[in-house]
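Listed here are the chains, written in short residue letters.
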Amino acid sequence: MNDMAAAARRAERDDGAGQPAPVRGRAVASWLFFDWAAQPFFTLVTTFVFAPYFASALAATPAEGQALWGYATAAAGLAIALLAPVLGAIADRTGARKPWIAGFSLPLVVGSLALWFAVPGEPGSIAIALAAFALATLGVEFATVFTNAMMPDLVPRARLGRLSGNGWALGYAGGLVSLVIALGLMAASPTTGLTLLGLDPLFGLDPATRAGDRASGPFSAIWYLVFVLPLFLFVPDVPRRAIPLSGAVRQGLHDLAATLRQARANRQVMTFLIANMVYKDGLVALFAFGGIYAGGVLGWSSIEIGSFGILLTVTGTLGAVIGGRLDDRIGSKRVISGALVVLILCGLGLVSVDRDTVFFVVKTAAPVPGAGLFSTLPEQVFLVLGGFLGAAAGPLQAASRTLLVHLSPPGGLTQYFGLFALSGKVTSFLAPLTVGLVTAATASQAAGMAVILVFFSAGLLLLARIDDTRAGA
């Protein structure tokens, strides 16, 4: 039996890979900091700062920006879908995961740094932004695959839900802190020249060239480099096996084929992977377009979008903590199902809002000049619905990776997390691509975003076919 199976047996038998409690505690805390380290890329670049900047300042129109961002997200998702399970199988053969995490940290850092050079009005800025974003996305997603596979070595299976939920909660907290720093000290309004805190931006960042928004990329890279260090220093790794790379590739591909056959024979695992594929498609699109949609439909600047992001990260943090505990108490399936219901209802509410209307038909009063942030009813409805949406997204993701561990056989878990990444990415280009195509065809951001609700609904129907025996569901 391989090292992963032995680690799983130890996790069931003792309290975390058979290590003394102080060592385990330090390892768990250090593993949790990966989510803290990586989250600013998703918060600042993917959703709330750089993506809306791209749509409003680089692209010709917000709708065109939403479409182009969808194509870049789709391209990165397709590459991840093709490579993640193969790399996971190879990593199971070579043993150690930290070298893979380090290797994929490089494109994350390089791509994030390159976003600085996407200057408004400069030739090639759109291409630079899209290519750098896709490269960094590849890096962070692949690094996450190998980090997730460390989970069973850290805590017993009975505590995996709490571990996963705490990781997402710490990640949301990292996103919140980074967002407050970016909006309060760096990103300034082009109109007033001041940040959200009413300050001049740090380092002389020029609001006219949106330097504070572009700085979200380098800031995310530096943040990641600093806070990923505890994982490399204090989290124990599976011993590296002395096997040539060519042999690892050959044996890894063989193992992957066997894992695919095993997954096909395991109806529960296969059904879950398909359900995960469908609803994660919707989640990828939601994160990719949330800030762009708010900027285009409500006319929000980076200040309003960032403030909205702060709200979502606060509710997301609370949701992840509560969801992790519910996961251990009532089962992962019920947590995921509840989160999807909230996402569907709140998503429907969000696409029903524009500057003059809520719930599709209710007309609202025009905004009063100088009334301040979020003074209109559509903005307030958008905030409330977005808060609930943020609270559901964390438990959905945390409980999904926990459910995979419970449904999968103990051996070769990295391969199963490769399949998990595959299921979350194999068609992850489809939802962003569909959003982009529908947006381009209709010139309506709301029509494009409505596509996401179909993916959430289909995932919920598929999830109903899974039995989470821990909860008797």
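Here is what the cut-offs are and how they apply
- Residues numbered from 1 in each chain as written.
- Predicted model: local features only at pLDDT ≥ 70, side-chain atom pairs only at ≥ 80, totals over all residues.
- Heavy atoms only, no water.
- Helix = DSSP H or I, 4+ residues; strand = E, 2+ residues; numbered from the N terminus.
- Buried < 20%, exposed > 50% of the residue type's maximum accessible area, 1.4 Å probe, protein only.
- Areas by Shrake-Rupley, 256 points an atom, 1.4 Å probe, with all protein chains shown as cover.
- Phe/Tyr/Trp six-rings, centres within 6.5 Å; stacked < 30°, edge-to-face > 60°.
- Lys NZ or Arg CZ within 6 Å of the ring centre and 35° of its normal.
- pLDDT = per-residue confidence, 0-100.
- Contact = heavy atoms within 4.5 Å.
- Expected span 1.5 Å × (residues − 1).
- Axes fitted to C-alpha atoms, helices over the stretch in contact; angles between N-to-C directions.
- Parallel < 35°, antiparallel > 145°, perpendicular 65-115°, else oblique.
- Nonpolar A, V, L, I, M, F, W, Y, C, P; charged D, E, K, R; others polar.
- Patch = residues over 30% accessible without salt bridge, like charges linked within 9 Å, V, L, I, M, F, W, Y side chains within 5 Å.
- Salt bridge = Lys/Arg side-chain N within 4 Å of Asp/Glu carboxyl O.

1. As for the overall build of the protein
From N to C terminus, the protein includes 18 helices and two strands. Of all 473 residues assigned to the protein, the portion counted as buried reaches 59%. As displayed, the protein has an accessible area near 17700 Å², and 69% of this comes from carbon and sulfur atoms.

2. Some details on the packing of aromatic side chains
Within this structure, the stated rule accounts for 19 aromatic pairs. Taken together, a centroid distance of 6.2 Å and an interplanar angle of 80° make the contact between Phe34 and Tyr224 edge-to-face. Taken together, the positions of Phe34 in helix H2 (residues 21–48) and Tyr224 in helix H9 (residues 216–227) put the pair 190 residues apart, joining distant regions of the chain. Phe34 sits in the buried class, given a relative accessible area of 2%. Here Phe308 and Phe382 contribute two aromatic rings whose centre-to-centre distance is 5.3 Å and whose plane-to-plane angle is 50°, an arrangement assigned as tilted. Here Phe308 is found in helix H13 (residues 302–330), whereas its partner Phe382 is found in helix H15 (residues 377–407), with 74 residues between them in sequence. The same class applies to Phe308 and to Phe382, which are both buried. When the ring centre of Trp116 is taken as reference, the NZ or CZ atom of Arg214 above it lies at 4.4 Å.

3. Brief notes about the confidence of the model for the protein
Model confidence for the protein is summarised by a mean pLDDT of 78, while 79% of its residues fall at 70 or above. Averaged pLDDT values over the elements of the protein bottom out at 39 in helix H1 (residues 3–13) and peak at 95 in H9. A low-confidence stretch, residues 1–17 (pLDDT under 50), is modelled with 36 contacts involving residues beyond four sequence positions or located in other chains.

4. Considerations on helix H18 (residues 445–463)
The end-to-end C-alpha distance of H18 is 29 Å, a good match for the 27 Å that 19 residues give at a rise of 1.5 Å each. Along H18, the positions that sit buried rather than exposed are Gln445, Gly448, Met449, Val451, Ile452, Leu453, Phe455, Phe456, Gly459 and Leu463.

5. Considering the packing of H13 against helix H14 (residues 332–351)
Two elements in contact, H13 and H14, have axes whose closest approach is 7 Å; the angle formed by their N-to-C orientations is 135°. In terms of orientation, H13 lies oblique with respect to H14. Residues Gly323, Leu326, Asp327 and Ile330 of H13 pack against Ser332, Arg334 and Val335 of H14. Split into classes, the residues belonging to the contact of H13 with H14 amount to three nonpolar, two polar and two charged.

6. Section: H9
Between its first and last C-alpha, H9 extends 16 Å over 12 residues, near the 16 Å set by a 1.5 Å rise per residue. Within the span of H9, buried status applies to Ser216, Gly217, Pro218, Phe219, Ser220, Ala221, Trp223 and Tyr224.

7. A short note on a nonpolar patch on the surface
There is a patch of nonpolar side chains on the surface, built from Val314, Leu318, Ile322 and Leu326 and spanning about 340 Å² of accessible area. You can see Leu318 is positioned in helix H13. On the accessibility criterion, Leu318 (53% relative accessible area) is exposed.

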